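Summary of the model geometry
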Amino acid sequence: MKSICVYCGSNTGTKPEYVDAARGLGASLAKRGITLVYGGGRVGLMGVLADACLAAGGQVIGVIPEFLALKEVAHAGLTNLVVVDSMHTRKAEMERRADGFIALPGGIGTMEELFEIWTWSQLGQHRKPCGLLDAGGYFDHLNAFLDRMADDGFVNPEHRAMLHRHESADALLDAFIAYEAPPADIRIKVKQT
């Protein structure tokens, strides 16, 4: 595994555990020689994550749309900052550059990016691992809802299992290394009512 894309908030949130998780993940990626690919921002958990990876000697690639770079939220100290024309191009470029995908706590954008990349995996568009780095129980309710989706027949259990969840960055990265994607031809089995 050479690179990991991380989705996370442009705010730091209300709990110190969120910042601690971003710092810990950045340091773990650098320690393992894994390049961080992320949204290119200098603010919120995005900035904390990038700064921690860089401070630990890691490589960081930011991918940011021009309209955000012009608002002066781009991180100027990265190994490489790629400026693209749109949010759609940003997501495709991040996917192309990454060998796996992690979500830290974040808002609507973080969730949208996570669900899109997980859907691409479910549909066989890539065979890369996806996971949640859970800090302070942030993803507890989301995980319960995802389990409900599987229990109610809207998500195949094999596809539900594709989304890893750990409280430790190292445990999550170890799970990624051991990951084997299920066959892309698995289809959702809908319960008949």
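Not measured: the values here are computed from a predicted model.

On to the overall build of the protein. Scanning the protein for helices and strands turns up 8 helices and 7 strands. The C-alpha atoms of the protein give a radius of gyration of 16 Å, which matches the 16 Å a tight globule of 193 residues would have. Counting the 193 residues in the protein, one finds 50% classified as buried. Excluding contacts between residues fewer than 6 apart, the proportion of contacts in the protein whose partners are at least 24 apart in sequence is 72%. As displayed, the protein has an accessible area near 9600 Å², and 54% of this comes from carbon and sulfur atoms. For the protein, the distance from the average site of its 19 positive side-chain charges to the average site of its 23 negative ones is 2 Å.

On to the side chain of D134, then. Note that D134 resides in the loop between β6 (130-133) and α6 (140-151). For D134, a relative accessible area of 3% corresponds to the buried category. In terms of polar contacts, D134 uses its side chain to reach the side chain of R165, at 2.6 Å. Excluding anything up to four places from it in sequence, D134 contacts F139, D140, R165, H166 and E167.

Applying the stated criterion across every chain yields a total of 4 aromatic pairs. With a centroid separation of 6.3 Å and 5° between ring planes, the pair formed by Y7 and F101 is classed as stacked. Separated by 94 residues along the polypeptide, Y7 in strand β1 (residues 3-7) and F101 in strand β5 (residues 101-103) bring together distant segments of the chain. Taking the centre distance of 5.9 Å and the plane angle of 50° together, the rings of F115 and W118 count as tilted. Note that F115 and W118 are positioned in helix α5 (residues 108-122) at a spacing of 3 residues, about one turn of the helix. Overall, W118 belongs to the buried group, its relative accessible area being 7%. Every member of this aromatic cluster is reached through a ring pair, and the members are Y18, Y138 and F139.

Here we take up the packing of helix α4 (residues 87-97) against α5. Two elements in contact, α4 and α5, have axes separated by 12 Å at closest approach and are oriented at 55°. Judged by the inter-axis angle, α4 sits oblique to α5. In this structure, α4 crosses over α5, and the sense of that crossing is right-handed. Along the contact surface, α4 presents R90, K91 and E95, while α5 presents E112, E113, E116, I117 and W120. Counted by class, the contact of α4 with α5 contains 2 nonpolar, no polar and 6 charged residues.

Here we come to the pattern of salt bridges. Inspection of the entire model under this criterion finds 12 salt bridges. The salt bridge involving D174 is made with R32; its shortest N-O contact spans 2.8 Å. In this pair, D174 sits in helix α8 (residues 169-178) while R32 sits in helix α1 (residues 16-32), placing the two residues 142 residues apart along the sequence. Residue D174 is classed as partly exposed on the basis of its relative accessible area, which comes to 42%. Accessibility expressed as a relative area gives 28% for R32, which makes it partly exposed. One salt bridge connects K128 with E95, and the closest N-O pair in it is separated by 3.0 Å. Of this pair, K128 sits in the loop between α5 and β6 while E95 sits in helix α4; the two residues are 33 residues apart in sequence, bridging distant segments of the chain. Through salt bridges with shared partners, one network takes in K31, R32, D170 and D174.

Each value, and the rule that gives it
Residues numbered from 1 in each chain as written. Predicted model: local features only at pLDDT ≥ 70, side-chain atom pairs only at ≥ 80, totals over all residues. Heavy atoms only, no water. Helix = DSSP H or I, 4+ residues; strand = E, 2+ residues; numbered from the N terminus. Rg over C-alpha atoms; globule rule 2.2 N^0.38 Å. Buried < 20%, exposed > 50% of the residue type's maximum accessible area, 1.4 Å probe, protein only. Contact = heavy atoms within 4.5 Å. Areas by Shrake-Rupley, 256 points an atom, 1.4 Å probe, with all protein chains shown as cover. Lys, Arg positive; Asp, Glu negative; His and termini not counted. Charge placed at Lys NZ, Arg CZ, Asp CG, Glu CD. Polar contact = N/O pair within 3.5 Å; in protein donor to acceptor, adjacent residues only side chain to side chain. Phe/Tyr/Trp six-rings, centres within 6.5 Å; stacked < 30°, edge-to-face > 60°. Axes fitted to C-alpha atoms, helices over the stretch in contact; angles between N-to-C directions. Parallel < 35°, antiparallel > 145°, perpendicular 65-115°, else oblique. Left-handed = near helix turned anticlockwise from the far one by under 90°. Nonpolar A, V, L, I, M, F, W, Y, C, P; charged D, E, K, R; others polar. Salt bridge = Lys/Arg side-chain N within 4 Å of Asp/Glu carboxyl O.

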